[in-house]
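Here is how the chains run, residue by residue.
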Amino acid sequence: MQVPVLSPLTRAINRNHRLDGRCFDQATPFGPPAGRYRTVHYGVMVPGLPPPLRFMNVIAVIGQPRIPIWRNGHLVETTPADTVSLLTATGAPGGARHVGLSAAEDCDLAADGSRLRFGDEVEITGAFPDYRVRRPDPGTGFDLRLTASRTVSHFAHLAGGLYDHWSLLCRYAGTFRLGGIDLPAAGLANLEYARGADIALPLRAFTYQIVDVDDRTQVLFGRVLGPARSRLQHEVYVRSLDEPSRLHRTGVRSEVLEYESAPRRTPDGRPMRLPVRFRWSADGAGHRPLVRVEGTATGDWAYGMAAGYAGSFDWTGTFTGKEVGGTGYIEWIG
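Peer 1: So what about the pattern of salt bridges? Which residues, and what values?
Peer 2: Any two side chains of opposite charge can pair, given that their charged atoms come close. Under the defined criterion, the tally for this structure stands at 16 salt bridges. R249 serves as the salt-bridge partner of E235, at 2.5 Å between the closest nitrogen and oxygen. One end of the pair, E235, is in strand 14 (residues 231–240); the other, R249, is in the loop between strand 15 (246–248) and strand 16 (253–259), with 14 residues separating them in the sequence. Across this residue pair, the class does not change: E235 and R249 are buried. Within this structure, D108, R115, E123 and R134 form a network of salt bridges that share partners.

Right under this line is the structure:
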């Protein structure tokens, strides 16, 4: 996909490159909406699970923003500020659930983020570096313990503190319940947080993808398009439990090779085309190939990743010259 390069204005607005390579600051806020911050996002993502699970996510957006691709207006029953959009999903049949909740009536949200209960759906508890994520559903539940590293990737750090979005690389261990059987699992996970002021941003399309290249290293790809398909973000992050996250903007390329035959209709009535086959890549130092990913969606799309979808994909490719592959995690709003 050919899109314009990042402009100096975009770099001046999103200053995430200034935080590249830094360790996580344990004093970083993790609380629900307060003060100038009207919207907060909590996320937990696990790629690479064995079939039929394939992936797990928890996507909570507290306070519906004035950004169409993030907003689920059809869920609002009280006020936009009080409305929570919650997706909890795995790729297993019946493993996805998207609901709307009232932050005031249905949720228990500690001011410091140490206890986040979203109705009877899911609960996130703890503080850095130890967290627990639990979905009590007897048929498709999970109970995971996360141990966060200090490896953090900053996707957004807008001027004036208008919007921040970051992701911690974690280890996890726990169980998934499937058909009345508890399945143990362990590996790499992402714990994410974002907060934003009440602003409108002209975002048009978004994708975020995660692949584990080994049991200690992740590669993340993020793309955000604005009006006229202008490139607001087009970045790859490489991070390890042993090393800090590094942002790569050199030679980043992405392309959708095939879409589903017909658009899907979202709950709020918008048609959306989802990808079937796609690829992305980035260069490292000296313009040498760093990573290349060729992906095929598995079709386990779940609506509720903001106003879009999340799911998994099978992938093959290379990382630092070595052949790699597995099952990745994808978010898509088109």
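Anyway, onward from the coordinates.
Peer 1: Explain unusual backbone geometry to me, using residue names and the numbers behind them.
Peer 2: The residue after P51, namely P52, is reached through a cis peptide bond having omega 5 degrees. Within the element layout of this structure, P52 appears in the loop between strand 1 (37–46) and strand 2 (56–62). Following F128, the chain continues into P129 via a peptide bond in cis, with omega recorded as 5 degrees. Here P129 is to be found in the loop between strand 7 (122–127) and strand 8 (130–135). Residue R54 is not a glycine yet carries a positive backbone phi of 65 degrees. Secondary-structure assignment places R54 in the loop between strand 1 and strand 2. Classification of R54 as buried rests on a relative accessible area of 19%. Of note, T320 is a non-glycine position whose phi angle comes to about 50 degrees, a positive value. Within the fold, T320 resides in the loop between strand 22 (308–319) and strand 23 (322–333).

Peer 1: I'd like to hear about the sheet that holds strand 7, residue by residue, with values.
Peer 2: In a beta sheet, neighbouring strands are held together by backbone hydrogen bonds and run either parallel or antiparallel to one another. One open sheet holds the 11 strands; their spatial order is 4-3-2-1-11-10-9-8-7-6-5, and the pairing between them is antiparallel. Each edge of the sheet is formed by a strand with only one pairing partner; in this case those strands are strand 4 (97–102) and strand 5 (107–109). Neighbouring strand axes in the sheet, compared pairwise and without regard to direction, differ in orientation by 20 degrees on average. Sheet topology places strand 2 next to strand 3 (residues 83–90); seven bridges connect them, and they run antiparallel. The partner of M56 across the bridge, within strand 3, is T90.

Peer 1: Please provide a residue-by-residue account of the packing of aromatic side chains, values included.
Peer 2: All told, the structure shown has 16 aromatic pairs when counted by the stated rule. Aromatic ring contacts, followed pair by pair, group F24, F30, Y42, F128, Y131, W166 and Y193 into a single cluster. One cation-aromatic arrangement involves R195 over Y37; the distance from NZ or CZ to the ring centre is 4.0 Å. We note R273 situated over the ring of Y259; from NZ or CZ to the ring centre the distance is 3.8 Å.

Peer 1: Outline the pairing of strand 6 (residues 115–118), supporting the account with residue identities and numerical values.
Peer 2: Judged by which residues are buried, strand 6 turns out to be one-sided: L116 and F118 face inward and are buried, whereas R115 and R117, on the alternate face, are not. As judged from the three bridges shared by strand 5 and strand 6, these two strands associate in the antiparallel manner. Residue C107 lies in a different strand from strand 6, and its bridge partner there is F118. Between the end of strand 5 and the start of strand 6, which pair antiparallel, lie five residues, with G113 showing a positive phi angle near 80 degrees. Two strands pair when backbone bridges link them, and strand 6 and strand 7 are joined in this way by four bridges, in the antiparallel orientation.

Parameters at a glance
Residues numbered from 1 in each chain as written. Predicted model: local features only at pLDDT ≥ 70, side-chain atom pairs only at ≥ 80, totals over all residues. Heavy atoms only, no water. Salt bridge = Lys/Arg side-chain N within 4 Å of Asp/Glu carboxyl O. Helix = DSSP H or I, 4+ residues; strand = E, 2+ residues; numbered from the N terminus. Buried < 20%, exposed > 50% of the residue type's maximum accessible area, 1.4 Å probe, protein only. Pairing = 2+ DSSP bridges. Axes fitted to C-alpha atoms, helices over the stretch in contact; angles between N-to-C directions. Phe/Tyr/Trp six-rings, centres within 6.5 Å; stacked < 30°, edge-to-face > 60°. Lys NZ or Arg CZ within 6 Å of the ring centre and 35° of its normal.

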